[in-house]
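Close look at the chain arrangement
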Amino acid sequence: MSLEIEINDDRSGTRTVRIGGRLDTHSYQQLDARLAEVLDSRDSTLVMDLAKLEYISSAGIRSVFAARKHMGSRGGQLLVVNAQPQVLRVFEMVKAVPLGEIFASDELLDAYLDELQREQPSRDDDGF
């Protein structure tokens with residue numbers, strides 16, 4: 001099975017990358033190439049929706065870790081949602097993404113993002 005990648009602007013400052021299929025030594029470069037456009041944007045949050053990802057190898061984990069590191073270096077964050085149990089086990093074992101940044105459902109992710117936005121002062125609060 002090949003790698004499927006879909007990129008969406010779901011919210012202001014948030015981009016979602018939906019990944020399906022197998023992320024391994026044969027496909028990680030495809031993901032890296034598509035992520036390059038996202039990582040060069042001004043989005044503060046990158047969400048990886050892994051609902052359709054069936055398999056991830058160490059090469060795929062490196063791609064996710066590199067994207068997380070890049071987002072963090074510019075003050076952004078990478079969040080994971082809907083990981084299949086077998087993929088989640090790999091994330092837990094290698095600690096590529098902290099468990100607090102992995103969400104079991106879109107609803108839990110949305111609640112987290114809503115809370116983040118409530119914590120940030122709006123421009124009107126600062127007089128801008």
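Residues numbered from 1 in each chain as written. Predicted model: local features only at pLDDT ≥ 70, side-chain atom pairs only at ≥ 80, totals over all residues. Heavy atoms only, no water.

Moving on, we come to the environment of arginine 62. With respect to the helices and strands, arginine 62 occurs in helix H2 (residues 58-73). Arginine 62 gets classed as exposed once you look at its relative accessible area, which sits at 52%. Separated by 23 residues in the primary sequence, arginine 62 and leucine 39 have C-alpha atoms spaced 15 Å apart. (Helix = DSSP H or I, 4+ residues; strand = E, 2+ residues; numbered from the N terminus. Buried < 20%, exposed > 50% of the residue type's maximum accessible area, 1.4 Å probe, protein only.)

Here we take up the nonpolar core. Side chains of nonpolar character tend, in soluble globular proteins, to be buried together. Core analysis: the largest hydrophobic core is formed by 27 residues, its most contacted members being Val17, Leu46, Met48, Leu50 and Phe91. Elements with a contribution of two residues or more to this core: strand S1 (4-11), strand S2 (14-23), helix H1 (28-39), strand S3 (45-56), H2, strand S4 (77-81) and helix H3 (85-94). With five residues, the top contributor of residues to this core is S3. Not counting the four nearest positions on each side in its chain, methionine 48 is found in contact with Val17, Ile19, Leu35, Val64, Ala67, Leu78, Leu79, Val80 and Val81. Residues Val47, Val81, Leu109 and Leu113 belong to the second largest nonpolar core, which totals six residues. (Core = buried A, V, L, I, M, F, W, Y, C linked by side-chain atoms within 4.5 Å. Contact = heavy atoms within 4.5 Å.)

Keep in mind these values describe shape, not function.
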